[in-house]
Amino acid sequence: MANLAIFASGEGSNFQAILDAVRPTPHAVCCLVCDQAKARVLGRAHAAAIPAHLVDYRRRKRDEVEEEIGAALEPYRIDLIALAGYMKLLTPRLIDRYPGRIVNIHPALLPKYPGTNAIAESYGSADARLGITIHRVDYGMDTGPILVQESFDRTGSESIEEIERRIHALEHATYPRVVIELLDALDHVSR
Ligand code: GRF
């Protein structure tokens, strides 16, 4: 068994997809870290009885907030952190506490369209293939080593809402699978 923490800031559809997929495995989703008091993901965690740690970055140094996050994670002996729409950049200090063990999902085919506007930017491009990326987190924004990419051909006549739906469906099909593979591998290492 391996222990997972999920960090999310918003809707939490990826949080939910991972939670549902991990439930029948030997692994555990130990907690949620969230930085937005009104995020829908908090309700999802509550409904599933997953402990949620709400952190407030306002008027505080990032280091101080991450100290709090580190302390909150400590008792769970976390093996892997999955960022799922977490809208804050992590500093090297937190990243180095979990070397190679933090992953992120991005709604575009990196290295194209990093940042927070990826769906609109890839939709507005002339690219014939759109997709998603799961990567390890390094010190940059959406720059870490790529683990998996999945993509689809667009016809060109889709609305941005349709493209968004396809991207999210691809995320929900892919991220839980990759997270479970990583948890399986970590479990193997620790035995
Ligand atoms: C996803 O599109 C993910 O790729 C991006 O943020 C979005 C989070 O969506 N990093 P949700 O909160 O999981 O529904």
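Residues numbered from 1 in each chain as written. Predicted model: local features only at pLDDT ≥ 70, side-chain atom pairs only at ≥ 80, totals over all residues. Heavy atoms only, no water.

1. A look at the packing of aromatic side chains
Tallying each qualifying case throughout the model produces one aromatic pair. Taking 5.2 Å as the distance between ring centres and 70° as the angle between the ring planes, the aromatic pair formed by Phe-7 and Tyr-86 counts as edge-to-face. Here Tyr-86 lies in the loop between strand S4 (80–83) and helix H4 (92–97) and Phe-7 lies in strand S1 (residues 3–8), a separation of 79 residues in the sequence. Per residue, the accessibility class of Phe-7 equals that of Tyr-86, and both read buried. Residue placement shows Lys-88 over the ring face of Tyr-57; its charged tip is 4.9 Å from the ring centre. (Phe/Tyr/Trp six-rings, centres within 6.5 Å; stacked < 30°, edge-to-face > 60°. Helix = DSSP H or I, 4+ residues; strand = E, 2+ residues; numbered from the N terminus. Buried < 20%, exposed > 50% of the residue type's maximum accessible area, 1.4 Å probe, protein only. Lys NZ or Arg CZ within 6 Å of the ring centre and 35° of its normal.)

2. Here we look at the environment of Leu-183
Tracing the backbone shows Leu-183 in helix H6 (residues 160–190). Put simply, Leu-183 and His-172 are eleven residues apart on the chain and 17 Å apart in space, counted from C-alpha to C-alpha. Here Leu-183 is in contact with Ala-2, Asn-3, Leu-4, Val-22, His-27 and Leu-80, once residues within four sequence places are set aside. (Contact = heavy atoms within 4.5 Å.)

3. Details of the pairing of strand S2 (residues 28–34)
When a strand is regular, its side chains alternate between the sheet's two faces. Counting buried positions along S2 gives seven out of seven residues, so the element sits mostly inside the fold. The sheet contact formed by S1 and S2 spans six bridges and is parallel. Looking at S2, one finds that Ile-6 is bridged to Leu-32. For the handedness criterion, the β-α-β arrangement of S1, helix H1 (residues 13–22) and S2 is classed as right-handed. Alignment of S2 against strand S3 (residues 52–54), held across three bridges, turns out to be parallel. Following the sheet pairing, Cys-34 is matched in S3 by Leu-54. What joins S2 to S3 is helix H2 (residues 40–47), and the crossover it makes is right-handed. (Pairing = 2+ DSSP bridges. Right-handed = clockwise from strand over helix to strand, strands pointing away.)

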